[in-house]
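Single-letter residue listing:
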Amino acid sequence: MGDSICTRKLIVQVCNARNLMPKDGQGTASAFVIVDFDGQRRRTKTKFRDLNPQWDEHLEFLLHDLHSMPSQTLELNIYNDKKAGKRSNFLGKVKISATTFLKLGSEIPLVYYPLEKRSVFSQIKGEIGLKIWYVDEEAPPPTEEKKEEVAAAAAENPPPPQGDEKPPEEKPAAAPPSDEKKEESSEKKKEEEKKPDEKKEEKPPENQKKDEAPTPTPTPQPEVLEHPPIAQHKPPNKKPITNENTSELKVLHKNLSSSVDRRTGAFDLVDQMPFLYVRIVKAKRANQEPDSSAYAKLVIGTHSIKTKSLADNKEWDQVFAFDKEGLNSTSLEVSVWVEKKVADDKTDENSIGTVSFDLQEVPKRVPPDSPLAPQWYSLEGVTADQNNPPGNDVMLAVWLGTQADEAFNEAWQSDSGGLIPETRAKVYLSPKLWYLRLTVIQTQDLQLGSGGTEPKVRSPDLYVKAQLGAQLFKTSRTTVGSSSSASNPTWNEDLVFVAAEPFEPFLVITVEDVTNCQVVGYAKVQVTSIDKRTDDKSEPRSRWFNLVGDEKKPYAGRIHVRVCLEGGYHVLDEAAHLTSDVRATAKQLSKPPIGLLEVGIRGANNLLPVKTKDGTRGTTDAYVVAKYGPKWARTRTILDRFNPRWNEQYTWDVYDPCTVLTIGVFDNGRYKHDDKKDVRLGKLRVRLSTLDTNKMYMGTYSLMVLLPSGAKKMGDIEIALRFTCSSWLSLIQAYTNPILPRMHYVRPFGPAQQDILRHTAMRIVTARLARSEPALGQEVVQCMLDSDTHIWSMRRSKSNWFRVVGCLSRAATLARWLDGIRTWVHPPTTILVHILLIAIVLCPHLVLPTICMYAFLIISLRFRYRQRVAITMDPRLSHVDAIGPDELDEEFDGFPTSRPMEHVRVRYDRLRALAGRAQTLLGDVAAQGERLEALFNWRDPRATAIFVVVCLFASLLFYVVPFKAFVLGSGLYYLRHPRFRHDMPSLPVNFFRRLPPLSDQIL
């Protein structure tokens, strides 16, 4: 083996292309493919007049240097074949890094690559489907005779010429058997005939070993596709690929086609997790006994689990999934036990046999293969001297798979506690929310009073109260007079509710009298009968409802209202700056998605314990919740691990790129049913507009949580993200559209009303998700929705203040720069500014073009220094290190407060001091505006008279002096040398500060 020579051959199977650009002037194209790799060129046949050509040809390349393969690139070009004497048209190209190639022996995926342009002006579209793999062959060193034969063969077959536009026809490089060569020569005469795929797979190539597998079929599917960041290059895997480590193959794709439906594909953002699956269907006993039941018991080392106990002739049909990394044995034992009741309510258990499996010989199953069929296995005796009667059999199936197996979600899982509902992975959907608008117009024929005990002459105050579920809103008060117009009170007020599907049964409208605190009457409106509208072009119909009083007054009047369900709004259930969905409620207003968001939740590292187990040691039962739009994805709970590995992948449709994905990590405290709440371990937010399209982001990010003792790092989470855009035009167009639907701008809500509706929607979503099974805890939903952002916090106030200061720091820097120019700190720069001022005055038409060009150049050059996407929470920006314990305690205090009076007094005094400084700042700002206003309303007659005279002389001066001269003179005066300046404030500043504000009139 030491003298053997390892040769590597790369096989490229050009399968087909789709949606090519027509290039022949008749709406079609005659395409052929040229593939270049390692200085070699191969060419496929020409498929005439077909925009979706099907080649199914194998092109073979011999690698000269195995170690240089990872640094090489395969280039593929597609051309439109014209007649002789004409130049071929370019249809597109694809470049693929050699690090993405798989070795023969694994499942070779069919990948569609989008065709790229050769230049900016190229008109290219479509994609091409390829399968690429390589084969390593070990051969003895060639003898002298073989070297002479190789040299002679090389002389007879010179290498093909290198050309760009019109290369000569070449045969496919895959070496078929001699029978296939004859078929190919006959097919050259008949180019319209297609060669069957079965003939390509009858025999392996001549230069391939006999013991190797033949060429894979055209439709294999990958086990797992993992896409690391584009800038990452992995070294070649020199370990030989066998049946045991084929699951560790990684296919790296830089450019991905949006037309490939990844929802049905493998988990390409996460790692494969090997699981041992055991499906036990049923058992068959030779001697059946009455009043007995049977169960199966599985034992793998220290792992032992039982099925449910059922009567005879009934199926268990249970699937068990064991984490392979947690197994401590190489054998599986399945035994069947019979339970029979005896006296005193006791049960007698006897084993009727056992069947054993060697885990090293268990077959592997890779989706989309069909499920493994269960088989009958004979049960052997419990002991060696026990003769097991024939007929005791068990039907089961055992295989090795991954978390992508269809049976995984419903199986008993060893790493999540088995079949506990609270630890299973689930997907939740927020309820569909509507705005319900009730317009109260007027009432008529009100029956006031209760039978003559009250005085006849009075002016009652009435208001209308409406209630939908727990929501209650009231109109303003109206006084009922004695005249005919005043006896029918009119409001014309809108009351807006949040309604969630399925709707509450009734909307209750009540008219109440404030003077005697009595109900005049009420009416019930069935919510399902309310009209829906999507815009403001048509007003909903108004309706009259009879008011029902007490038992003595079945008719108490009637009320005129207009009620409708508004489908043109988006009901906000998140903070406006952190929203993940902006679509209108009505489905007919929804636009198609512009892309796909894929999130791979890989695992967590170094989690801190948050509770104790058995009172002796700390533990953490962690799970992850990802929220985007109405879809909530919850991973399974990994019990008692500080470094859990979930490796679960979820997808969302993206309708707007300026939205936010929220990911939270929690400790499960509910699965033991001891009324404990889930504890937050950290939260991340990802704004999709900061992600590059068709690129994968994989990394480990810190989990920070704010506790009463301060900020604390709870561990790290490893996630993978990819935002795939299907259309660049739709993505760019989304930036020009308004953020919210049209109704938010045509008939907007006030800020206070919008805030009330948002918190109402939060409460509804929290209540609905808490009623799911298993429930998503109230504390989890509130953490993900940031329901406490409206509560006062000194830390948030400081953070927002310094954010404002940071935004204004640019303007302050510019002001300091101008002051340095003005004071001649750097004379050459000041002289250059003088020259620039003269150029601007002489050529004012070049000001805007120059500014735009400078902005283009400066922003373009800063692209290479752009910051990476920040996913983790920023403790410095959150201002968690610059606050005291009392301020943190105030933030965690509830509303109303539960702290002692002394603490509340200290906090109140601190807030008064802060508000005093803000009050002084507001007074100074108001004084500047009042001084400017006093200049025009003659509050100071002498100051206004001086200003009027100055305006008169300025008007006469501007009639004489050209405007360019005035601008130039003013600029030169502003930039004058410090030798010609005074230390005292200028005359206009002194004049403005002497104007009278209204501060002297405030008490």
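Residues numbered from 1 in each chain as written. Predicted model: local features only at pLDDT ≥ 70, side-chain atom pairs only at ≥ 80, totals over all residues. Heavy atoms only, no water.

Under an unreviewed UniProt entry, the name given to the protein is Multiple C2 domain and transmembrane region protein 14, and the source organism is Nicotiana tabacum. Per UniProt, the protein has the following entry under Sequence similarities (unreviewed entry): "Belongs to the MCTP family." According to the UniProt record, the Subcellular location (unreviewed entry) comment for the protein reads "Membrane". (UniProt positions renumbered as here; feature names shortened; annotations may be inferred.)

Asks: What am I meant to see in the overall build of the protein here?
Replies: The helix and strand tally for the protein stands at 16 helices and 40 strands. Residue burial in the protein is summarised as follows: out of 1003 residues, 41% are buried. If you take every contact in the protein between residues at least 6 apart in sequence, the share linking residues at least 24 apart comes to 70%. Here the protein displays about 56,700 Å² of accessible surface, and carbon together with sulfur accounts for 56% of that area. (Helix = DSSP H or I, 4+ residues; strand = E, 2+ residues; numbered from the N terminus. Buried < 20%, exposed > 50% of the residue type's maximum accessible area, 1.4 Å probe, protein only. Contact = heavy atoms within 4.5 Å. Areas by Shrake-Rupley, 256 points an atom, 1.4 Å probe, with all protein chains shown as cover.)

Asks: Can you walk me through the sheet that holds strand β37 (residues 660-667) in this structure?
Replies: In space, the five strands of this open sheet follow the order β20-β35-β34-β37-β38, with antiparallel pairing throughout. Each having just a single partner strand, β20 (426-429) and β38 (679-687) make up the two edges of the open sheet. Pairwise comparison of adjacent strand axes, ignoring direction, gives a mean angle of 15° for this sheet. As paired strands, β37 and β38 are joined by eight bridges and run antiparallel to one another. In the sheet register, Leu661 faces β38, and the bridge partner there is Val686. (Pairing = 2+ DSSP bridges. Axes fitted to C-alpha atoms, helices over the stretch in contact; angles between N-to-C directions.)

Asks: Please clarify how the sheet that holds strand β2 (residues 31-37) should be interpreted in this entry.
Replies: In sheet architecture, strand pairing relies on hydrogen bonds along the backbone and comes in two forms, parallel and antiparallel. With respect to topology, four strands assemble into an open sheet ordered β3-β2-β5-β6, the strand pairing being antiparallel. The open sheet has two edge strands with one neighbour each: β3 (40-43) and β6 (89-97). On average, each strand axis in the sheet is tilted by 20° relative to the strand beside it, whichever way the strands run. Taken together, the six bridges between β2 and strand β5 (residues 73-80) define a ladder with antiparallel strand orientation. When the sheet's bridge partners are listed, Phe32 is paired in β5 with Tyr79.

Asks: Can you walk me through unusual backbone geometry in this structure?
Replies: Glycine aside, the phi torsion of most residues is negative, and most peptide linkages are trans. Residue Pro502 follows Glu501 across a cis peptide bond; omega there is -5°. For Pro502, the position within the fold is in the loop between β25 (490-500) and β26 (506-513). With an omega of 0°, the peptide bond running from Glu773 to Pro774 counts as cis. Mapped onto the elements, Pro774 comes out in the loop between α6 (751-770) and α7 (778-785). With a phi angle near 55°, Asp786 is a residue other than glycine that sits in the positive phi range. Mapping Asp786 onto the fold places it in the loop between α7 and α8 (794-822).

Asks: Any chance you could explain α7 here in plain terms?
Replies: Residues spaced three or four apart along an α-helix point in a common direction, a consequence of the helix completing one turn every 3.6 residues. The buried fraction of α7 is high, at six of eight residues. Taken together, the buried positions of α7 are Glu779, Val780, Val781, Cys783, Met784 and Leu785. Buried-residue contacts for α7 involve β34 (622-628), β35 (631-634), β37, β38 and α6. Just downstream of α7, Asp786 is the residue with a positive phi angle, here 55°.

Asks: Help me out: how do you make sense of the packing of aromatic side chains in this one?
Replies: Scanning the model with the defined rule gives 19 aromatic pairs in all. Between Phe963 and Phe966, the aromatic rings sit 6.4 Å apart at their centres with planes inclined by 40°, giving tilted as the arrangement. Here Phe966 and Phe963 lie together in helix α15 (residues 963-974), a separation of three residues that amounts to about one turn. Overall, Phe966 belongs to the partly exposed group, its relative accessible area being 34%. Put simply, the rings of Phe275, Tyr277, Trp399 and Phe408 pair up and form one aromatic cluster. (Phe/Tyr/Trp six-rings, centres within 6.5 Å; stacked < 30°, edge-to-face > 60°.)

Asks: Explain the nonpolar core here, please?
Replies: Buried together is how nonpolar side chains tend to be arranged in soluble globular proteins. Leu597, Val599, Trp652, Leu661, Ile663, Ile717 and Leu721 are the most contacted members of the largest nonpolar core, which has 37 residues in total. For this core, the elements supplying multiple residues, two or more each, are β31 (595-605), β34, β36 (645-654), β37, β38, β39 (696-707), β40 (710-725) and α4 (728-734). Here the element with the most residues in this core is β40; it accounts for six residues. When near neighbours in sequence (up to four residues on either side) are disregarded, Ile717 contacts Gly603, Ala604, Val624, Ile663, Val665, Leu684, Gly699, Thr700, Tyr701 and Leu703. Counting residues in each nonpolar core, the second largest holds 35 residues, with Leu63, Ala98, Phe101 and Leu115 among its members. (Core = buried A, V, L, I, M, F, W, Y, C linked by side-chain atoms within 4.5 Å.)

Asks: Looking at this structure, I do not really get the pairing of strand β30 (residues 558-566). What am I missing?
Replies: Moving residue by residue along a regular strand, the side chains alternate between the two faces of the sheet. Of all nine residues that make up β30, seven are buried, and the element is covered over most of its length. Pairing geometry for strand β21 (residues 433-444) and β30, over nine bridges, is antiparallel. Bridging from a neighbouring strand, Leu438 pairs with Val563 of β30. Sheet analysis places strand β28 (residues 531-533) next to β30, joined by three bridges and oriented parallel. Counterpart to Arg533 in the pairing with β30 is Glu566. As judged from the five bridges shared by strand β29 (residues 542-546) and β30, these two strands associate in the antiparallel manner. When the bridges of β30 are listed, Arg543 appears paired with Val561.

Asks: Would you take a moment to explain the side chain of Gln442 for this structure?
Replies: Of note, Gln442 is situated in strand β21. When near neighbours in sequence (up to four residues on either side) are disregarded, Gln442 contacts Asn488, Pro489, Thr490, Trp491, Trp544, Ile559 and His560.

Asks: When you look at the pairing of β40 in this model, what are you seeing that I'm missing?
Replies: The element β40 is extensively covered by neighbouring structure, given that 13 of its 16 residues are classed as buried. Of the strand pairs in this sheet, β31 and β40 are connected by ten bridges, and their pairing is antiparallel. Opposite Val599, over in β40, you have Leu721 as the bridge partner. Across twelve bridges, the pairing between β39 and β40 is antiparallel. Directly across from Leu703, in β40, lies its bridge partner Gly715. In this antiparallel pair of consecutive strands, β39 and β40, the connection spans two residues.

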